[in-house]
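Chains, contacts and geometry: an overview
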Amino acid sequence: MSVPPKSEGLRAWLLNEDFSSPAQARAHQAYVTWLRFSANPLALGGLIVVVLLVLAAWFAPWIATHDPLEQDLARALLPLSSAHWFGTDELGRDVYSRLVYGARTTLYIAILVTVIVGPIGFVVGAAAGYVGGWVDTVLMRITDIFLAFPSLVLALAFSAALGPGIENAVIAIALTVWPPVARLVRAETLTFRKADFVVAAELQGAGVARIMFLYIVPLCAPSVVIRLTLNMASIILTAAGLGFLGLGAQPPAPEWGAMAAQGRQYLLDAWWLTAIPGMAILLVSLAFNLLGDGLRDILDPKNA
Amino acid sequence: MIEVENLTVAFGHGPRANRVVRGIDMTVGAGECFGLVGESGCGKSTLLGAIAGRVKHWQGAITIAGEKVGPVKRPLAQLRRQQMVFQDPFGSLHPRHTIDRTLMEPLRIHGIADREARVEKALEQVGLPGRFRFRYPHQLSGGQRQRVAIARALILEPSILLLDEPTSALDVSIQAEILNLLKDLRERSGLTYVLVSHDMAVVAHLCDRIAVMQDGVFVEISSRDAMIRDEVHHPYTRMLREGSLGYRPAAAVPPG
C-alpha cells in the first residue's frame, strides 16, 4: 500500500471527526466552513476584492507609482496614460497613487469603527437581554435616542463640533453604527436566555459575566460578524460622504470621498478625477456586501 | 435527603395568580428514587425546578441534605449537591462548545483540580468513547447527547440527580439504553433520584416510590410494587396506570 500524499493526509486530518485535540476540532470547523464558503462564487469574489484592498493598503509604498502628495502643476489634469494610469488631478498629483494610499484611509476608518462598535454592541445588547428589568429599559432607551438621529446628520454635527479630521469622523460614525448592533445582540440574547444550556450553567453556579461572555456572546457572534461586514459598506460610504463634505480626512491626505469632491469642479474636462474614486468606493462597498451575504449563508445558525 | 414542606409556586400576582404547585409536602430518602408522574401542566416540572433552583419564586421550605435552601441565590456548595438532567438533549448542550468544554465548565466554575482525569472518567461513566471528547453536539445523536448531559450533571459528584423527562425526547430504542444507564449509575454510586415523567412505565422502571400529581397536588403516593399489583386507589392513578399498559382494542376486552 502506498503512502498517501501529504496534502491528502492534511485533508483527511481536517475532515476526520474523531478529534484528538481541541485544536483539531477547531481546524475541522474552520475547514468545513471554508469549503461551504468557497462554493459561493459571489462571496468568494467579494472576499478577493477585500483581500486585494487590504494588500493594496498594506503595500501602498511598493504598489504606488508616484508620491501621492507630490505636486507638479506642469502636469495637471492629464488624462489616463501609461505614465499616469488613472491620470493626474488639478495639482498634478498621480490619481492612481492617491487611490492606493486612499485605501489606507478607507480601511483605517472601516476597521477602527468596527473595532469600537463590536464590543460596545455586544456588552450593551447582551447586558440588556440577559439581565433584563430596569437595565434593559435604560440601555434600550439610550439606544433608541441614538437610533432616532439620521446617521449622516449626527456624524455631521459631531464632526462640526469636534472639528474635521479622520479620528473625529471615526467617532462620529461609530456613534451612529453601534445602536443597531446592540439591538441585534439583545434580540439574539433573548432567544438564548431561557435555553436549557444557559439554565444548566446557572444551576452549576456560573455568574452573570461568565454566562454573558462564554455562553451568549459566542452564539451572537456569527450574526454580529455578518452585520458588521454588511455595515462596512455603509461605513465606507459615510466616511466618503464626510470626506466629500470636507469633514473627514483633510487635504492633502488622500481619501476617496474627498478626491471625488475635489474632482467635481473639473467633471466635464477631467471625468477620471471623480469617476475613479467613485468606482473604487462602489467596488469596495459591493465587495463587503457580497462578503457579508456569503458569511450569512454559512454562519447563520438558522441555515445550519 | 430532600424535604419539601408546604411548597407553593404561583405565576403572576393577586387574585389572577396561577398557582401551579399548591402546598406540596414530600420527603425523599438518601439513595431513593422518587418518581413524579402526571399529565402536562400538572406542576411536576415546576416542583422539580424549585428543588433544582431553576424556579426562584416559591414559598414554603426546602431542605436538602439537612441544609435549608433559599429561593433566590444559593452558594456554590449547595448548587453542587444536586444537578439536573433536562428533557431535550438538543437544547441542553451549548451548540458551540465541544463536549470537552461542556464538561470542563462546571469544574472551572467550582475550581476543581485534576480536570483532565475527571472529564475522561465522566465520559467513561456514561459509556461514551474518548474519541467523542472534542466533538460538537451536532456531531452526536440524541442518545449520545443525553449521555453527555448526564456526564455533565455527574461531573460535580452530586448526591442528588434531578431528572426532568430524561427520555421523552428520545427514540424508543434509545430510551431503554438511557434508563438502564441511569439505573446502573444509581446502583454503583448510591445517588438519590427525583424523576419527573408523564410515562408511568418509565417511572415504574426506575423508581421505588411514585407520586401521582394532578393540578398542583399529590393525589396519591404509591410504591412500585403496589403499582404493578394494581393496588392503587385514586381514580386518576388508575387511569394513568391503564394508559401505560397500552392500547387494547375494544373487541379484545370480553363484554360484561
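Residues numbered from 1 in each chain as written. Chains lettered and ligands numbered in written order. Predicted model: local features only at pLDDT ≥ 70, side-chain atom pairs only at ≥ 80, totals over all residues. Heavy atoms only, no water.

Digging into the overall build of chain A
- Counting its regular elements, chain A contains 12 helices and zero strands.
- The C-alpha extent of chain A, read off along each of the three principal axes, is 75 × 70 × 25 Å.
- Put simply, 68% of the contacts in chain A that link residues at least 6 apart link residues at least 24 apart.
- As displayed, chain A has an accessible area near 14600 Å², and 70% of this comes from carbon and sulfur atoms.
- Put simply, chain A has 18 plus and 20 minus side-chain charges, and the middle of one group is 7 Å from the middle of the other. (Helix = DSSP H or I, 4+ residues; strand = E, 2+ residues; numbered from the N terminus. Contact = heavy atoms within 4.5 Å. Areas by Shrake-Rupley, 256 points an atom, 1.4 Å probe, with all protein chains shown as cover. Lys, Arg positive; Asp, Glu negative; His and termini not counted. Charge placed at Lys NZ, Arg CZ, Asp CG, Glu CD.)

Details of the pattern of salt bridges
- Enumeration according to the criterion identifies 21 salt bridges over all chains in this entry.
- With a shortest N-O distance of 3.7 Å, Asp-208 of chain B and Arg-224 of chain B are connected by a salt bridge. One end of the pair, Asp-208 of chain B, is in the loop between α7 (200-206) and β9 (209-214); the other, Arg-224 of chain B, is in helix α8 (residues 224-228), and 16 residues separate them in sequence.
- On the accessibility criterion, Asp-208 of chain B (27% relative accessible area) is partly exposed.
- By sharing partners, the salt bridges in this structure join Arg-210 of chain A together with Arg-101, Glu-105 and Arg-108 of chain B into a single network. (Salt bridge = Lys/Arg side-chain N within 4 Å of Asp/Glu carboxyl O. Buried < 20%, exposed > 50% of the residue type's maximum accessible area, 1.4 Å probe, protein only.)

Digging into the interface of chain B and chain A
- In this complex, chain B contributes 32 residues to the contact, which on the side of chain A involves 28 residues.
- Note on chain B versus chain A: buried area summed over both sides is about 2500 Å², and carbon and sulfur give 56% of it.
- Of all residues in chain B, His-94, Arg-96 and Phe-134 of chain B give up the largest surface area on contact with chain A, accounting jointly for 24% of the area buried on that side.
- Summed over the shared surface of chain B and chain A, the result is two salt bridges.
- In this structure, Asp-196 of chain A and Arg-54 of chain B form a salt bridge, with 3.1 Å as the shortest nitrogen-oxygen distance.
- Summed over the shared surface of chain B and chain A, the result is eight residue pairs in polar contact (both at pLDDT 80 or more).
- Among the secondary structure elements, those contributing two or more residues to the side of chain B that touches chain A are α2 (76-81), β6 (82-85) and α3 (99-109) of chain B.
- For the side of chain B that touches chain A, the element with the most residues is α3 of chain B, which contributes five residues.
- The residue inventory of the side of chain B that touches chain A, partitioned by class, reads 12 nonpolar, 10 polar and 10 charged. (Buried area = accessible area lost by both parts, 1.4 Å probe. Polar contact = N/O pair within 3.5 Å; in protein donor to acceptor, adjacent residues only side chain to side chain. Nonpolar A, V, L, I, M, F, W, Y, C, P; charged D, E, K, R; others polar.)

Looking at the confidence of the model for chain A
- Confidence along chain A averages 86 in pLDDT terms, with 96% of residues attaining 70 or more.
- Looking over chain A, one finds the lowest element-wise mean pLDDT in helix α1 (residues 6-15) of chain A, namely 77, and the highest in helix α6 (residues 133-148) of chain A, namely 93. (pLDDT = per-residue confidence, 0-100.)

As for the pairing of β9 of chain B
Residues and elements named next belong to chain B.
- Of the pairings in the sheet, the one linking strand β3 (residues 33-37) to β9 comprises four bridges and is parallel in character. By the bridge assignment for β9, Gly-35 is matched with Ile-210.
- Two elements, β9 and strand β10 (residues 217-223), share six bridges in a ladder whose sense is antiparallel. Residue pairing in the sheet places Val-212 in a bridge with Glu-220 of β10.
- Counted along the chain from β9 to the antiparallel partner β10, the turn is two residues long, and its residue Asp-215 has a positive phi close to 50 degrees. (Pairing = 2+ DSSP bridges.)

Focus: the packing of aromatic side chains
- In this structure the tally under the stated criterion is seven aromatic pairs over all chains.
- A ring pair is formed by Trp-85 of chain A and Tyr-96 of chain A, whose centres lie 4.7 Å apart and whose planes are at 50 degrees; its orientation type is tilted. Separated by 11 residues along the polypeptide, Trp-85 of chain A in the loop between α4 (60-63) and α5 (95-131) and Tyr-96 of chain A in helix α5 bring together distant segments of the chain.
- Given the relative accessible area of 44%, Trp-85 of chain A is considered partly exposed.
- Ring geometry for Phe-34 of chain B against Phe-218 of chain B: centres 6.5 Å apart, planes inclined by 45 degrees, an arrangement best described as tilted. Of this pair, Phe-34 of chain B sits in strand β3 while Phe-218 of chain B sits in strand β10; the two residues are 184 residues apart in sequence, bridging distant segments of the chain. Here Phe-34 of chain B and Phe-218 of chain B have matching classes, each one buried.
- Taken together, Trp-85, Phe-86 and Tyr-96 of chain A form an aromatic cluster joined through their ring pairs.
- Above the face of the Tyr-193 of chain B ring, Arg-186 of chain B is positioned so that its terminal group lies 5.9 Å from the ring centre. (Phe/Tyr/Trp six-rings, centres within 6.5 Å; stacked < 30°, edge-to-face > 60°. Lys NZ or Arg CZ within 6 Å of the ring centre and 35° of its normal.)

Considerations on the sheet that holds β9 of chain B
Residues and elements named next belong to chain B.
- Here we have six strands laid out as an open sheet, ordered β6-β7-β8-β3-β9-β10, and mixed in their pairing. Two strands bound the open sheet, and with one partner strand each, they are β6 and β10. Between one strand axis and the next, the sheet turns by 20 degrees as a mean value, whatever way the strands run.
- Here five bridges tie strand β7 (residues 160-164) to strand β8 (residues 192-197), and the two strands are oriented parallel to one another. Bridge pairing in β8 places Ile-160 opposite Thr-192.
- Strands in contact with helix α5 (residues 142-154) are β6 and β7; relative to β6, the strand with the most contacts, it is inclined by about 170 degrees. (Axes fitted to C-alpha atoms, helices over the stretch in contact; angles between N-to-C directions.)

Notes on the pairing of strand β1 (residues 2-11) of chain B
Residue and element names in this part refer to chain B.
- Examined bridge by bridge, β1 and strand β2 (residues 18-28) share seven bridges and lie antiparallel to one another. Considered in β2, the bridge of Leu-7 is made with Ile-24.
- The hairpin turn running from β1 into β2, its antiparallel successor, is six residues long, and Gly-12 in that turn takes a positive phi close to 90 degrees.
- Here β1 pairs with strand β4 (residues 58-64) via six bridges, running antiparallel. Bridge pairing in β4 places Glu-3 opposite Thr-63.

Thoughts on the packing of helix α9 (residues 196-203) of chain A against helix α10 (residues 208-244) of chain A
Residue and element names in this part refer to chain A.
- The N-to-C vectors of α9 and α10 enclose an angle of 170 degrees; their axes lie 11 Å apart at closest approach. When the axes of α9 and α10 are compared, the pair comes out roughly antiparallel. Between α9, through Phe-197, Val-198, Ala-201 and Glu-202, and α10, the contact on the second element is made entirely by Ile-211, Tyr-215 and Leu-219.
- Along the lines of polarity and charge, the residues of the contact of α9 with α10 split into six nonpolar, no polar and one charged. (Parallel < 35°, antiparallel > 145°, perpendicular 65-115°, else oblique.)

Some remarks on the environment of Asn-231 of chain A
Residues and elements named next belong to chain A.
- Position of Asn-231 relative to the elements: it lies in helix α10.
- For Asn-231 and Ile-111, which are 120 residues apart along the polypeptide, the C-alpha to C-alpha distance reads 11 Å.
- Those residues in contact with Asn-231, other than ones at most four positions away along the chain, are Val-177 and Val-181.

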